[in-house]
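What follows is the residue order along each chain.
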Amino acid sequence: MPAALATMPANAAATLPQTADWNEMFAQRSYLVRFAQRRLHDAALAEDLVHDVFEAVLTGHARFAGRSGLRTWLVGVLKHKIVDLIRQRSRYDTLGDDDDSAHAAALLPCPQPLPDEVAEQRQRLAAVLARMQQLSPGLRSAVELRLIHEHSTEEVCRALNISQDNLFVRLHRARRALLH
């Protein structure tokens, strides 16, 4: 008999279904620990939460209503404990320079492109610029002003003396020509 059963309060028996006994509940422990570990990726934290589930049952804070199986009910209580933990941690976690954040930062990928990625990007850019030179002057000027120099639509329309609809048609045609 587990030590927790010896210290069980008198009203704790009312929290379990009539057909279930404490041994059945504790038989679910290993399943509950595995369930928590899969979600939390931390064995010690999983053990703590399963302990909290049993504590809630023993103290009467969690009551079994008999609308589901014992395992399903215990998993439901455990899910609520996991959500509570996540909410609690989200309020208090910081982005400080502690050991955990330094370790996590070491696992993040480098934001800089690798040398082969840079070479590939340069090749693509050279190909697009070469195709831009082959565009008609009207399409090329629309692309240069709007996309390369990032002028507003109104400024480009004024500079080229065209309507917005005409600008959008030119940009569409230029994009199609550059991508194919």
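Here, the structure is the one placed above.
What comes next is a walk through the structure. (Residues numbered from 1 in each chain as written. Predicted model: local features only at pLDDT ≥ 70, side-chain atom pairs only at ≥ 80, totals over all residues. Heavy atoms only, no water.)

## Re the packing of aromatic side chains
The description of two aromatic rings rests on the distance between their centres and on the angle between their planes. Applying the stated criterion across every chain, the model contains one aromatic pair. On the numbers, 4.8 Å between centres and 50° between planes, the contact of phenylalanine 26 with phenylalanine 54 is tilted. In this pair, phenylalanine 26 is assigned in helix α2 (residues 22–27) and phenylalanine 54 in helix α4 (residues 43–59), connecting sequence segments 28 residues apart. Like phenylalanine 26, the residue phenylalanine 54 is buried in the burial classification. We note arginine 39 situated over the ring of phenylalanine 35; from NZ or CZ to the ring centre the distance is 3.8 Å. (Phe/Tyr/Trp six-rings, centres within 6.5 Å; stacked < 30°, edge-to-face > 60°. Helix = DSSP H or I, 4+ residues; strand = E, 2+ residues; numbered from the N terminus. Buried < 20%, exposed > 50% of the residue type's maximum accessible area, 1.4 Å probe, protein only. Lys NZ or Arg CZ within 6 Å of the ring centre and 35° of its normal.)

## Focus on a negative patch on the surface
On the surface, a cluster of negative charge is contributed by Asp42, Asp48, Asp52 and Glu55. Locating aspartate 48 in the fold gives a position in helix α4. On the basis of relative accessible area, aspartate 48 is assigned to the partly exposed category, the value being 46%. (Patch = residues over 30% accessible without salt bridge, like charges linked within 9 Å, V, L, I, M, F, W, Y side chains within 5 Å. Areas by Shrake-Rupley, 256 points an atom, 1.4 Å probe, with all protein chains shown as cover. Salt bridge = Lys/Arg side-chain N within 4 Å of Asp/Glu carboxyl O. Lys, Arg positive; Asp, Glu negative; His and termini not counted. Charge placed at Lys NZ, Arg CZ, Asp CG, Glu CD.)

## Looking at the pattern of salt bridges
Under the criterion given, the structure shown has two salt bridges. Close ionic contact of arginine 29 with glutamate 47 constitutes a salt bridge, the shortest N to O distance being 2.3 Å. Of this pair, arginine 29 sits in helix α3 (residues 29–40) while glutamate 47 sits in helix α4, and the two are 18 residues apart along the sequence. Looking at glutamate 47, the relative accessible area reads 32%, which means it is partly exposed. Glutamate 120 serves as the salt-bridge partner of arginine 124, at 3.2 Å between the closest nitrogen and oxygen. Of this pair, arginine 124 and glutamate 120 both sit in helix α7 (residues 115–133), four residues apart, which is roughly one turn of that helix. On the basis of relative accessibility, which here comes to 44%, the residue glutamate 120 falls in the partly exposed class.

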